[in-house]
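Chain residues, written in single-letter form:
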Amino acid sequence: MAIAAVKDHKQRTGSYPASLAEAGVDAGRLRAKYSVGYFLEAGDAVVLYSQPSMPLVAHRFHFKTGTWERAD
């Protein structure tokens, strides 16, 4: 849901949103329920997902490349 909302915002406005709220997503609920976060890093939007069963293991989705990477 977060990835789709950010992609939609980028397509509509030409830039990544400053926050998930700007993209129309309830970031607090998403973080609490699914351990998902969002931030901008060096001109790229990143969605961060932390596995609830393994809190020290996270995955990052980079919008420029459209790829996931493990960040632990």
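What this report covers is the structure whose coordinates are included nearby. This structure is a prediction, so every number in the text was calculated from the model and none was measured.

Calculation notes
Note that residues are indexed from 1 along each chain, following the sequence as it is written. Thresholds applied to this predicted model are a pLDDT of at least 70 for local features of residues and 80 or more for the giving and counting of side-chain atom pairs; totals over whole chains, interfaces and linings are not thresholded and use all residues. The side-chain figures draw on all heavy atoms in the structure; neither hydrogens nor water molecules are used. A run of H or I in DSSP becomes a helix once it reaches four residues, and a run of E becomes a strand once it reaches two; helices and strands are each numbered from the N terminus. Burial classes: relative accessible area under 20% of the type maximum marks a residue as buried, over 50% as exposed, and values in between as partly exposed (1.4 Å probe, protein chains only). By the criterion applied in these results, polar contacts are pairs of N or O atoms within 3.5 Å in which, for protein atoms, one can donate a hydrogen and the other can accept it, and in which residues neighboring in sequence qualify only through two side-chain atoms. By the convention used here, residues are in contact when the closest approach between their heavy atoms is within 4.5 Å. The term salt bridge refers to a side-chain nitrogen of Lys or Arg lying within 4 Å of a carboxyl oxygen of Asp or Glu.

Quick look at the side chain of H62
Moving on, step 1. Among the secondary structure elements, H62 is positioned in strand β3 (residues 58-62).
Moving on, step 2. A residue is classified by how much of its surface remains accessible, and H62, at 12% relative accessible area, is buried.
Moving on, step 3. Of the polar contacts made by the side chain of H62, one reaches the side chain of D44; its length is 3.2 Å.
Moving on, step 4. Sequence-distant contacts of H62, that is, excluding residues within four places in its chain, are made with E41, D44, A45, V46, T67 and E69.

Some thoughts on the pattern of salt bridges
Moving on, step 1. Counted under the stated rule, the structure contains 3 salt bridges.
Moving on, step 2. A salt bridge links R60 to E41, with the shortest nitrogen-to-oxygen separation between them at 2.6 Å. Taken as a pair, R60 in strand β3 and E41 in strand β1 (residues 36-41) lie far apart in primary sequence, 19 residues in all.
Moving on, step 3. On the accessibility criterion, E41 (34% relative accessible area) is partly exposed.
Moving on, step 4. Note that E69 and R60 form a salt bridge whose closest N and O atoms lie 3.5 Å from each other.
Moving on, step 5. E69 sits in the partly exposed class, given a relative accessible area of 39%.
Moving on, step 6. Judged by relative accessible area, R60 falls into the buried class, the value being 14%.

Any functional reading would require information beyond the geometric quantities listed.
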